[in-house]
Amino acid sequence: MTKQTKLISALDVPELSTALALVDKIGDNVEWYKVGKQLFTHYGPQAVQELKARGKKVFLDMKFHDIPNTVAQAIRSAAIIGADLINVHASGGPAMLSAAAEAMKETGKTVIAVTVLTSMDHAQLEAVGITVSPAEQVVRLAGLTQAAGLPGVVCSALELPMLREHFGPDFLTVVPGIRPAGTEAGDQKRVMTPKKAAEAGADFIVVGRPILAAPDPASAARAILDELQA
Ligand code: C5P
């Protein structure tokens, strides 16, 4: 394995003070944090800026999906407030993805795309008029993402081999649904350990509850990092 898989800790908590207390407790071990819709809707740019003030890198998980101009402008705004990694929905289509790629080049930030949400199974896709299998839809949308000039996708660990096969080793993969051995899966159905995800070539793993809900979040994060480096 030539590349080092990085850890992104997801700050899925209702209060910014709780999130920042966790970040301070975890300390220098973790560089990347994910701010999602829950924290951002309540606290806005402050959530990102407080992390940047602590020297952290921020994945702003807003999954933008709108007309091309609006998405490009939202990416520019995310860049202004300090987000390092930003995402959009690949199902916004080729024009939207190209506009996102343009904004990415301009801002120097990294923009990736969500293909099919892991909450969508065959029946859910069919209900919105998509009759191909979830896997086929993932490959189609990842293809549009790459063709538009975006560097990669958010994907489940189980999709890693398929994406590597179609899009090569340099296609960026950000992988949630990670559970260290012996931790609760919770609502995640298809999980993988940090070590297995690293072996499958994940560039980043996103970990929420196994760190947030641990009695000692700092040592839970340390254990995950040790597993990634093993
Ligand atoms: O607590 P847990 O480790 O399951 O958190 C995973 C994080 O990754 C959550 O913030 C969740 O919203 C996010 N995510 C996911 N599956 C996706 C996309 C994002 O679990 N397909």
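Look above for the structure.
One numbering rule holds for all chains: residues counted from 1, following each sequence as written. Local features in this predicted model are restricted to residues of pLDDT 70 or higher, and side-chain atom pairs are both shown and tallied only at a pLDDT of 80 or more, whereas totals for entire chains, interfaces and linings draw on every residue. Side-chain calculation: all heavy atoms of the structure are included, whereas hydrogens and water are not.

### So, the pairing of strand 3 (residues 57-64)
Part 1: To sort residues, take the accessible area from a 1.4 Å probe on protein chains only and compare it with the maximum for the residue type: under 20% means buried, over 50% means exposed, and anything in between is partly exposed. Put simply, DSSP marks the helices as runs of H or I at least four residues long and the strands as runs of E at least two long, and each gets a number from the N terminus on. For strand 3, a buried count of six out of eight residues is recorded, marking the element as mostly surrounded by other parts of the structure.
Part 2: The pairing criterion is simple: DSSP has to find at least two bridges between the two strands. Where strand 2 (residues 32-36) and strand 3 come together, five bridges link them in parallel fashion. Counterpart to Tyr33 in the pairing with strand 3 is Val58.
Part 3: By the bridge criterion, three bridges tie strand 3 to strand 4 (residues 85-89) in an arrangement that is parallel. Residue Phe64 lies in a different strand from strand 4, and its bridge partner there is Val88.

### Section: the side chain of Asp61
Part 1: You can see Asp61 is positioned in strand 3.
Part 2: Looking at Asp61, the relative accessible area reads 7%, which means it is buried.
Part 3: For the purposes of these results, a polar contact is taken to be a pair of N or O atoms within 3.5 Å, where, inside protein, one atom must be able to donate a hydrogen and its partner to accept one; residues adjacent in sequence count only when each atom of the pair is a side-chain atom. A polar contact of 2.7 Å, which involves the side chain of Asp61, links it to the side chain of Asn87.
Part 4: With residues near it in sequence (within four places) discarded, Asp61 still touches Lys34, Val35, Gly36, Lys37 and Asn87. In what follows, a contact means two residues having at least one pair of non-hydrogen atoms within 4.5 Å.

### Describing the sheet that holds strand 4
Part 1: With respect to topology, eight strands assemble into a closed barrel ordered 1-2-3-4-5-6-7-8, the strand pairing being parallel. Here the strands of the sheet are splayed against their neighbours by 25 degrees on average, with no regard to which way each runs. Here an axis means a line fitted to C-alpha atoms, over the contact stretch when the element is a helix, while the angle between two N-to-C directions is reported on a 0 to 180 degree scale.

### Considering the site of the ligand
Part 1: We call a residue near a given molecule or strand whenever any one of its heavy atoms falls within 4 Å of it. The ligand sits among Ala10, Asp12, Lys34, Thr118, Pro176, Arg179, Gln188, Val206, Val207, Gly208, Arg209 and Pro210.
Part 2: Within the side chain of Asp12, a nitrogen or oxygen atom sits 2.7 Å from an oxygen atom of the ligand.
Part 3: Interatomic distance of 2.7 Å between a side-chain N/O atom of Gln188 and an oxygen atom of the ligand.
Part 4: Put simply, the parts of the chain that give the shell around the ligand at least two residues each are strand 8 (204-207) and helix 10 (209-212).

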